[in-house]
Amino acid sequence: MQKIQNLINGELVAPQSGEYLENFNPATGEVYSFIPDSDERDVANAVKAAKDAFPLWSNMQKEKRSAILIRLSELIQKNLDKFALAESIDNGKPVWLAKSVDIPRAVSNLHFYATASLHTHTETHAMEATALNYTLNTPVGVAGCISPWNLPLYLFTWKIAPALAAGCTVVAKPSEITPMTAYLLSELCEEAGVPKGVLNIVHGLGTKTGMAIVSHPDVAAISFTGGTKTGEVIARTAAPMFKKLSLELGGKNPNIIFGDADFEKAVHTSVRSSFSNQGEICLCGSRIFIERSIYEKFKTAFVDEVKKLKVGDPLNDDSWIGAIVSKQHKEKILSYIKLAREEGGTILCGGEEINPGGKNAKGYFISPTVIEGLSFDCRTNQEEIFGPVVSIMPFDTEEEVLSYANSTQYGLAATLWTQNLSRAHRMSAKIQCGIIWVNCWLLRDLRTPFGGMKGSGVGREGGFEALKFFMEEKNVCIKF
Ligand code: NAD
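Predicted model only: the values in this text are computed from it and were never measured.

### With respect to the domain arrangement of the protein
- On domain assignment, one finds that the protein holds domain 1 (2-249 + 456-479) and domain 2 (253-446).
- Distance between the C-alpha centres of domain 1 and domain 2: 30 Å.
- Each partner contributes to the interface: domain 1 provides 31 residues, whereas domain 2 provides 32 residues.
- Both sides of the domain 1 and domain 2 interface together cover about 2,400 Å² of buried area, and 59% of this is carbon and sulfur.
- Per-residue buried area on domain 1 facing domain 2 is highest for Trp96, Trp149 and Ser456; these three make up 22% of the total on that side.
- There are 0 salt bridges connecting domain 1 and domain 2.

Okay, here's the thing in structure tokens:
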């Protein structure tokens, strides 16, 4: 069976311990490959390689750095089918989704930052005839990038691309639950011309490998995407060491549907925003608030469309929903459906595990679930479930729905459906979320700031923000 290797100093190597972890195919429930169980020795080797490579990479002409990253993006594009299949098998997402969203976005991430880095500028502050201040941006050094399992290569490249384009060298760790596409990327680095030690990929557990990256004194910045609880642990470790920290964390996103919304579009897009990628996208709406005047009509149309979503083998093109990423995560989602029932919710559709049979008989599948009758402040409506489960609730006024929307510890994304422009502006200003989509969902421009408020994170990714994160700003003051 295939054994994934670490990429350290340009070489694919086994972990120091010689130990491996099992990697499951969530659609079959079977182990299909092995992941290095790396520890602090592997991380120390990777950090040393990154530190040694830093002078070469950070001093390289940015046009040359850019060309290498573009080559890497082109090689992923060339291997689109291979990457998409690997992502689908590793994560459980439909292969058509990996092919149309995840892998193309990984290509765009690398291309975007490779070219963005050519168009940066710095400011000057003139003090009339006395002096001139100018800003220098220099890469911070070795950057630690840690990513989750839901959009594996998409989010892995969303971090390493700006770090590398900014001139940092990188020690990165993909999720131990979905390591495969990061491994495939490591196999392309040499061909792309990435100098040895510039990008190091160490596989393993969060608490062991991840923590070793976060606590290593020579890692100057940590860019992390994952759960809010993990973010807390990382902040507690990195903050006393004064590392730069970017944290993209969990969400419990509200979808707000007003009576004047374009009904068909609001229903159709809300189905997508609830259940795409099995509901395992940090930007999925999980609390749908519907103005009372259209509540019953919306509910009927929404549930009808959800019932038509086909759950099944991720490798079949007609499966709209694939497998839940792991057995443990499946159990977590089912425990929340049980909780919703205990809290007085009515399951309008779904609510159970599915067995598609055949080779998928032991896979992890849950039917898309819509719940009504819960209060906005119960646990089901306050805690992140991160699966194909949404709760629908009626509201009467703007003030009321605003208080519901802002009632959780999270503040990542919100979706608003209304034809009233003034209301759209009013609500957008008051909703406590880093991203507001009006009459759309997941429409992304990579130049825009991306991130959350409150328990959803600290800092912003996207655009020049991410390049800046991986740099130190220095003011130079010259007296005339
Ligand atoms: P997770 O926090 O369990 O793990 C994320 C990564 O951190 C993994 O690589 C893991 O190995 C590592 N890790 C775990 N413990 C660590 C530790 N103590 N020190 C260092 N690294 C550690 O999250 P997950 O279950 O993989 O992903 C799901 C979560 O990610 C959800 O909460 C989701 O909302 C969130 N997410 C957020 C965004 C965003 O942009 N805000 C995007 C995607 C996912």
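### Considering the packing of aromatic side chains
- What the rule picks out here adds up to 12 aromatic pairs.
- Aromatic pair Trp149 and Phe386: ring centres 5.3 Å apart, planes at 65°, arrangement edge-to-face. Residue Trp149 is located in the loop between β8 (142-146) and α5 (152-165), and its partner Phe386 is located in the loop between α12 (379-382) and β19 (389-395); the two are separated by 237 residues in the primary sequence. With respect to burial, Trp149 and Phe386 carry one shared label: buried.
- Put simply, the rings of Phe112, Tyr113, Trp158 and Phe450 touch in pairs and so form one group of aromatic residues.
- Over the face of the ring belonging to Trp158 we find Arg105, whose NZ or CZ atom lies 4.6 Å from the ring centre.
- It is Arg423 that lies over the ring of Phe258; its NZ or CZ is 4.0 Å from the centre.

What counts as what
Residues numbered from 1 in each chain as written. Predicted model: local features only at pLDDT ≥ 70, side-chain atom pairs only at ≥ 80, totals over all residues. Heavy atoms only, no water. Domains from an automatic or database assignment. Contact = heavy atoms within 4.5 Å. Buried area = accessible area lost by both parts, 1.4 Å probe. Salt bridge = Lys/Arg side-chain N within 4 Å of Asp/Glu carboxyl O. Phe/Tyr/Trp six-rings, centres within 6.5 Å; stacked < 30°, edge-to-face > 60°. Helix = DSSP H or I, 4+ residues; strand = E, 2+ residues; numbered from the N terminus. Buried < 20%, exposed > 50% of the residue type's maximum accessible area, 1.4 Å probe, protein only. Lys NZ or Arg CZ within 6 Å of the ring centre and 35° of its normal.

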